[in-house]
Amino acid sequence: VIGAAAAAAPIIPVAMISSGTQTKHTDVSGLGGTADQQVNITAPTYDLSVTKNSSTSVTVTEDGKSTFSYTIRLTNGTASPVVIDEVVDTPDTEVSYVASSAKFDGSATTAFVKNSTLVFPGPFTVAGNSYVELTYQMQAPTCKAGLGYEYNNTAIAKTGTVVIGSDSTKQTAVAVSGAC
C-alpha cells in the first residue's frame, strides 16, 4: 500500500527471490499479536489550521508597483509536534513574489515559483499547542492614482498526503500615485 489506506491492511507472507534462491517468509508471529496480523495505515488526523493575512498598509512606488506583506500562520492544536512538508500560496494572477523576502519565524527561508504558485519547501515543525508564521512580500501593479485594486489569494499546508487549506485573503489597495 502506498499512502494512506481506507482501513487496516493485513500482513501477508512475501515470496522473495534472493541470490537465485526462492525464500518464502510466512512467520508474522514476531509482530506481537495473532497469526492474522494487521497494520493500521489509515491517514492520521491533525488539529492544524492555516490562516493567511495581508498587511493593512501598502507601499506604493513611483514605478506603479505596490508591495504587500503576507503572513501565513500554522497553528497546531495538539500536544504533539507536527511537521509540515511544504506550504503553497496560490496568488492572484497580477501579483508576483518579491525575491528573498520569505521568513519562517523570523529567519530567512526558501521560496520558489512553480506553475503559478509560490512554494515554501519544508520541513517546518510546529510545536504542540503553538503556532509558527511564514511571512513574505508580493508586488502588484497599481498604476493609476485614485483607482482601487483587489488581489485575492489562498494558501495550503501539506503534511504527508494531508492538505490543510486557508480561507481566501483579499488585499485591497487604492493607488495614491504612480504611472505605468
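Data block above holds the structure.
Here the structure is a predicted model, which is why all the values come from computation and not from measurement.

About the thresholds
- Residues numbered from 1 in each chain as written.
- Predicted model: local features only at pLDDT ≥ 70, side-chain atom pairs only at ≥ 80, totals over all residues.
- Heavy atoms only, no water.
- Helix = DSSP H or I, 4+ residues; strand = E, 2+ residues; numbered from the N terminus.
- Buried < 20%, exposed > 50% of the residue type's maximum accessible area, 1.4 Å probe, protein only.
- Areas by Shrake-Rupley, 256 points an atom, 1.4 Å probe, with all protein chains shown as cover.
- Salt bridge = Lys/Arg side-chain N within 4 Å of Asp/Glu carboxyl O.
- Polar contact = N/O pair within 3.5 Å; in protein donor to acceptor, adjacent residues only side chain to side chain.
- Contact = heavy atoms within 4.5 Å.
- Phe/Tyr/Trp six-rings, centres within 6.5 Å; stacked < 30°, edge-to-face > 60°.

(A) Looking closely at the overall build of the protein. Along the protein, the regular secondary structure elements total zero helices and 17 strands. Scored against the burial criterion, the 180 residues of the protein give a buried share of 31%. In the form shown here, the protein has an accessible surface area of approximately 10,700 Å², with 52% of it arising from carbon and sulfur atoms.

(B) Geometry of the pattern of salt bridges. Summed over the entire model, instances satisfying the criterion amount to three salt bridges. The partner of arginine 73 in a salt bridge is glutamate 133, with the nearest N and O atoms 2.8 Å apart. Of this pair, arginine 73 sits in strand 7 (residues 65-76) while glutamate 133 sits in strand 14 (residues 130-141); the two residues are 60 residues apart in sequence, bridging distant segments of the chain. The exposure class assigned to glutamate 133 is partly exposed, which follows from its relative accessible area of 25%. In this structure, the salt-bridge partner of lysine 158 is glutamate 86, at a minimum N-O distance of 3.3 Å. One end of the pair, lysine 158, is in strand 15 (residues 148-159); the other, glutamate 86, is in strand 8 (residues 82-90), with 72 residues separating them in the sequence.

(C) How the structure looks around the side chain of asparagine 153. Inspection of the secondary structure puts asparagine 153 in strand 15. There is a polar contact of 3.3 Å between the side chain of asparagine 153 and the side chain of aspartate 89.

(D) Seen up close, the environment of proline 141. Along the chain, the position of proline 141 falls in strand 14. Sequence separation between proline 141 and lysine 65 is 76 residues; the distance between their C-alpha atoms is 4.4 Å. Look past the residues within four positions of proline 141 in its chain and what remains in contact with it is Gly64, Lys65, Glu94, Tyr149 and Tyr151.

(E) Looking closely at the packing of aromatic side chains. Counted under the stated rule, the structure contains three aromatic pairs. For the ring pair phenylalanine 104 and phenylalanine 124, a centre distance of 4.6 Å and an interplane angle of 35 degrees mean the geometry is tilted. Taken together, the positions of phenylalanine 104 in strand 10 (residues 103-104) and phenylalanine 124 in strand 13 (residues 117-126) put the pair 20 residues apart, joining distant regions of the chain. Across the pair, phenylalanine 124 and phenylalanine 104 agree in class, each one buried. Each ring, one from phenylalanine 120 and one from tyrosine 136, has its centre 4.9 Å from the other, and the planes form 45 degrees; the classification is tilted.

(F) Molecular detail of unusual backbone geometry. Between glycine 122 and proline 123 the backbone carries a cis peptide bond, its omega angle lying at 10 degrees. For proline 123, the position within the fold is in strand 13. A positive phi angle, close to 50 degrees, is found at aspartate 105, a residue other than glycine. Looking at the element boundaries, aspartate 105 is found in the loop between strand 10 and strand 11 (107-108). Unlike most non-glycine residues, serine 116 shows phi in positive territory, near 70 degrees. Structurally, the position occupied by serine 116 is in the loop between strand 12 (112-114) and strand 13.

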